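# Observations on chain architecture
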Amino acid sequence: MKMAGAQAMMEVLRREGVEVIFGYPGGSLLPIYDVLYDTKDIRHILVRHEQGAAHAADGYARASGKVGVCMATSGPGATNLVTGIATAAMDSVPIIAITGQVPTFAIGKDAFQEADITGITMPITKHNYLLTEAADIPRVFKEAFYIASTGRPGPVLIDFPRDVQQAELEFEYPDRVELPGYRPTLEGHPKMIERAAELIDAAERPLIYGGGGVNAAGAQAELVELAERAGIPATMTLMGKGGFPEDHELCLGMPGMHGTAYANYALHEADVIIAVGTRFDDRVTGKLDMFARSAKFVHIDIDPAEIGKNVLPTLPIVGDVKRVLGELVKKVARAKHSQWHDTVAGWKQQYPMGWKGDGLKPQFIIQEIHRATKGEAVIVTEVGQNQMWAAQWYPCREVRQFISSGGLGTMGYGLPAAIGAKVARPDKAVWDIAGDGSIQMNIQEMATAVQGKIPVKIAVLNNGYLGMVRQWQTLFFKNRLSQVDLAVGTPDFVKLAEAYGAVGLRVMEESEVRGAVEKAMAVDDRPCLIDFAVARDENVMPMVPAGGTVDDMLVD
Amino acid sequence: MKHTISVLVNNRPGVLARTAGLFARRGFNIDSLAVSTTQDPDVSRMTIVVEGPDAVLEQISKQLYKLMDVIKVLDHQDEAVVNRELALIKVDASPAVRGEIMQTVSIFRANIVDVSDRTFTIEVTGSADKVDALTGLLSKYGIREMMRTGRIVLSRGAPTA
Ligand SMILES: Cc1ncc(C[n+]2csc(CCOP(=O)(O)OP(=O)(O)O)c2C)c(N)n1
Ligand SMILES: [Mg+2]
């Protein structure tokens, strides 16, 4: 069938099962937006800043496990996507970014709104394409979806010049992709799995250390089975949160800088660590050569380049985490390790999570949100103290329930990502746990949520500070607070929400928290923001200072 | 230690930038890089000389494989290879030293490919050591300009790819 490039793109999106595009139009996208005018089966959500489109596609992808799609015009539209693409790349999230480009004859001439976006995004995409021939459209888009969603997932960008959008092609959809340089390994090597089982069987103090790969692969059931069968406690990173149910008695919560003391002690003392879909990030390991010094590692990951990048494992297994764990669990022996569990229980008792003092505490607020949502909400976060408190105080039971910019740590991620997550999971309550600094980085997406009738909840933990930076200055720079005070100039968030046509609520005291959260839960046709005037000087604890070890851990 | 690797890549625009960019952003140092097409017009071959311990080399190779356009990475470490490099060296050659230089050139089986009143341009092919040795000897006459292609390598015997 003959059709124009823009139509061909829409046809591919349809066949790939795309239900929503987060986008923002402009000159180089006019042919595509003209086709969108007649498209009824793919929803377009108009964001208010292209960064929001990229984060929304990312939130959609993380919440659903499907590929998220965002679109922006050439030049400034494309460059506005960059932070969102980098965020997705760092956390291995499958998104497709479609950018308009100046016509092929104008490329390289510094044409109006020209930017070399394939050059710019080379280091932050899994792959990218510049389309130069309309005939390539079906193949390139099909490849893009395949690359984004298989192996270690990641963002793929397609730069789509305006004349190619308008050129005619004979539409033929390839039934398979041919990428000779790309063959992800899915099955773990049976010998290695066997040897891993032997190592685990011989362990006295085994520990599971799981990361984002567990969420990406949906491997919770396999991981829990392994833990229960072989009596292994589990600590899950920020990215792995929900990959092991946090109400499970074997779960130790998060490791690392703001992890639980008992998870960090367990890492320190373990003799065999099963690292699953995780990359030994410095926020987890602290000083690398002191990290888990007594342990041998089994490292399971789909990305061979992660094996040995930071830590050399005794037993590397490259493969899909779900499949490898499924095989591994059949090979390990049943075990109890009662003594080890007693030790861990001792740490839990000695160093419980908690907070001190009175006033409106952020930790309490998150606990209340947890209670009101029965622990079933999708929690999206901004970056800073708010993010760490959300991770510490909202235990998650399911994969894809906790969505946060872990690798890049992008302030401004939360609101647009929450919008994307809510579009993916309309059945779930979606909360953005926000800071007063972060929320202002993409506050314009309130309009997107209002226009799209996307009822996300936003909890602003308003401490009048760039709180996490303030905490570091307090602890490590003699409390010389430099450029972190936001008290003056921050808008009245309640009025601001109302100005957008959303619901705004304010909470000054502990006693008001529950009522406000319940009120917010009842809003179902627009976003609802709660401005919590929290205790200003609260620190996130415990804390292992950057590059430190468990011995340096601050508890309060 | 120095490693020589061959990278077979799709012969497409931008592939060199992707590969070189990877080395730069991951902090791997390139000593030399030579690229050309191969017997298959769709495939280019890069010979890259890098400095680093084995673990770093392994990481480089794995990172290269993550590029969609990389088809194969060969580390020639424990393998018999033919390795060559070509250099053009323009050297000061006053009448008094011309004879001496010509002797040196002939010992190295190099060629004088251009002559002017005051200079010779010498072409030499061989291993990097050989090129180093010749440039060392010529430096006392004054090297005006020099260009080396960087190493190119093929495994001996039956093709590996
Ligand atoms: C885009 C971006 N700029 C700067 C930073 C550095 N940074 C990390 S946390 C933080 C403060 C965040 O403040 P706020 O959103 O109010 O959260 P709080 O820590 O107070 O909860 C800053 C500036 C960042 N992570 N992202
Ligand atoms: Mg703040």
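These numbers were taken from a predicted model, which means no experiment stands behind them.

When you go through chain B residue by residue, the secondary structure sums to four helices and nine strands. Starting at the N terminus and walking to the C terminus, you meet the elements of chain B as β-α-β-β-α-β-β-α-β-β-α-β-β. Projecting the C-alpha coordinates of chain B onto the three principal axes gives extents of approximately 55 × 30 × 30 Å. Relative to its 161 residues, chain B shows a buried fraction of 41%. Intrachain contacts of chain B at a sequence separation of at least 6 include 72% that bridge at least 24 residues. Split by element, the accessible area of chain B, about 8600 Å² in all, is 53% carbon and sulfur.

Okay, the sheet that holds strand β1 (residues 2-10) of chain B next. Residue and element names in this part refer to chain B. Pairing is antiparallel across the open sheet formed by four strands, whose spatial order is β2-β3-β1-β4. In this open sheet, the two edge strands, each paired with only one partner strand, are β2 (30-37) and β4 (70-75). For this sheet the average axis-to-axis angle between neighbouring strands, irrespective of direction, equals 15 degrees. In the sheet, β1 pairs with strand β3 (residues 43-51) via nine bridges, with the strands oriented antiparallel. Paired with S6 across the strands is T47, a residue of β3. The strands touched by helix α2 (residues 54-65) are β1, β3 and β4; relative to β4, the strand with the most contacts, the crossing angle is about 165 degrees.

With that settled, consider the coordination of the magnesium ion (ligand 2). Octahedral six-donor coordination of a metal ideally yields angles of 90 or 180 degrees, compared with 109.5 degrees for tetrahedral four-donor coordination. Residues and elements named next belong to chain A. Protein coordination at the magnesium ion (ligand 2): the donors are D436 (OD), N463 (OD1) and Y465 (O), at 2.1 Å from the metal. Along the chain, the residues donating to the magnesium ion (ligand 2) are arranged with the sequence spacing D-x26-N-x1-Y. With D436 in the loop between β16 (430-435) and α19 (445-451) and Y465 in the loop between β17 (457-462) and α20 (467-476), this residue pair connects regions lying 29 residues apart in the sequence. By relative accessible area, Y465 is classed as buried at 10%.

Here we take up the packing of aromatic side chains. All names here are of chain A. A full pass over the atoms with the stated rule returns 15 aromatic pairs over all chains. Between Y209 and F291 the ring centres are 6.3 Å apart and the planes differ by 70 degrees, which places this aromatic pair in the edge-to-face class. In this pair, Y209 sits in strand β9 (residues 206-210) while F291 sits in the loop between α13 (282-285) and β12 (296-301), placing the two residues 82 residues apart along the sequence. For Y209, a relative accessible area of 0% gives the class buried. Given a relative accessible area of 9%, F291 falls into the buried group. With 6.0 Å between their ring centres and 85 degrees between their planes, W340 and W347 make a pair best called edge-to-face.

With that settled, consider the domain arrangement of chain B. The figure often quoted for interface size is the accessible area lost as the parts come together. Residues and elements named next belong to chain B. Taken domain by domain, chain B holds domain 1 (2-75) and domain 2 (82-153). The straight-line distance from the C-alpha centre of domain 1 to that of domain 2 is 29 Å. Counting residues at the interface gives eight residues for domain 1, matched by five residues for domain 2. Of the roughly 480 Å² buried between domain 1 and domain 2 on both sides combined, carbon and sulfur atoms contribute 50%. The largest contributions to the domain 1 side of the interface with domain 2 come from T4, A34 and T47, which together make up 56% of the buried area. The tally of links between domain 1 and domain 2 comes to zero salt bridges. Applying the counting criterion to the domain 1 and domain 2 interface returns three residue pairs in polar contact (both at pLDDT 80 or more). Counting residues per element, the ones that place at least two in the side of domain 1 that touches domain 2 are β1, β2 and β3. Looking at the side of domain 1 that touches domain 2 residue by residue, the classes come out as three nonpolar, four polar and one charged.

Attention now moves to the pairing of strand β3 (residues 43-46) of chain A. Residues and elements named next belong to chain A. Pairing of strand β2 (residues 20-23) with β3, which is carried by four bridges, proceeds in the parallel orientation. Paired with G23 across the two strands is L46, which belongs to β3. After leaving β2, the chain enters helix α2 (residues 30-37) and then returns to the sheet as β3, a path that is right-handed.

Bringing the layout of surface pockets into the picture now. Estimated volume of the second largest pocket: approximately 1100 Å³. What lines the second largest pocket is a set of 41 residues, and nearest its centre among them are R152 and D303 of chain A together with R26, Q63 and K66 of chain B. Looking at the lining of the second largest pocket residue by residue, the class counts come to 20 nonpolar, eight polar and 13 charged.

Definitions and cut-offs
- Residues numbered from 1 in each chain as written.
- Chains lettered and ligands numbered in written order.
- Predicted model: local features only at pLDDT ≥ 70, side-chain atom pairs only at ≥ 80, totals over all residues.
- Heavy atoms only, no water.
- Helix = DSSP H or I, 4+ residues; strand = E, 2+ residues; numbered from the N terminus.
- Buried < 20%, exposed > 50% of the residue type's maximum accessible area, 1.4 Å probe, protein only.
- Contact = heavy atoms within 4.5 Å.
- Areas by Shrake-Rupley, 256 points an atom, 1.4 Å probe, with all protein chains shown as cover.
- Pairing = 2+ DSSP bridges.
- Axes fitted to C-alpha atoms, helices over the stretch in contact; angles between N-to-C directions.
- Donors = N, O, S within 2.8 Å, 3.2 Å for Na, K, Ca; no water.
- Phe/Tyr/Trp six-rings, centres within 6.5 Å; stacked < 30°, edge-to-face > 60°.
- Domains from an automatic or database assignment.
- Buried area = accessible area lost by both parts, 1.4 Å probe.
- Salt bridge = Lys/Arg side-chain N within 4 Å of Asp/Glu carboxyl O.
- Polar contact = N/O pair within 3.5 Å; in protein donor to acceptor, adjacent residues only side chain to side chain.
- Nonpolar A, V, L, I, M, F, W, Y, C, P; charged D, E, K, R; others polar.
- Right-handed = clockwise from strand over helix to strand, strands pointing away.
- 1 Å grid on protein atoms, 1.4 Å probe; cavity = no way out; pocket = protein on both sides within 12 Å on 5 of 7 lines; lining within 4 Å.
- Points joined across faces, edges and corners; volume = space filled by probe spheres on them.

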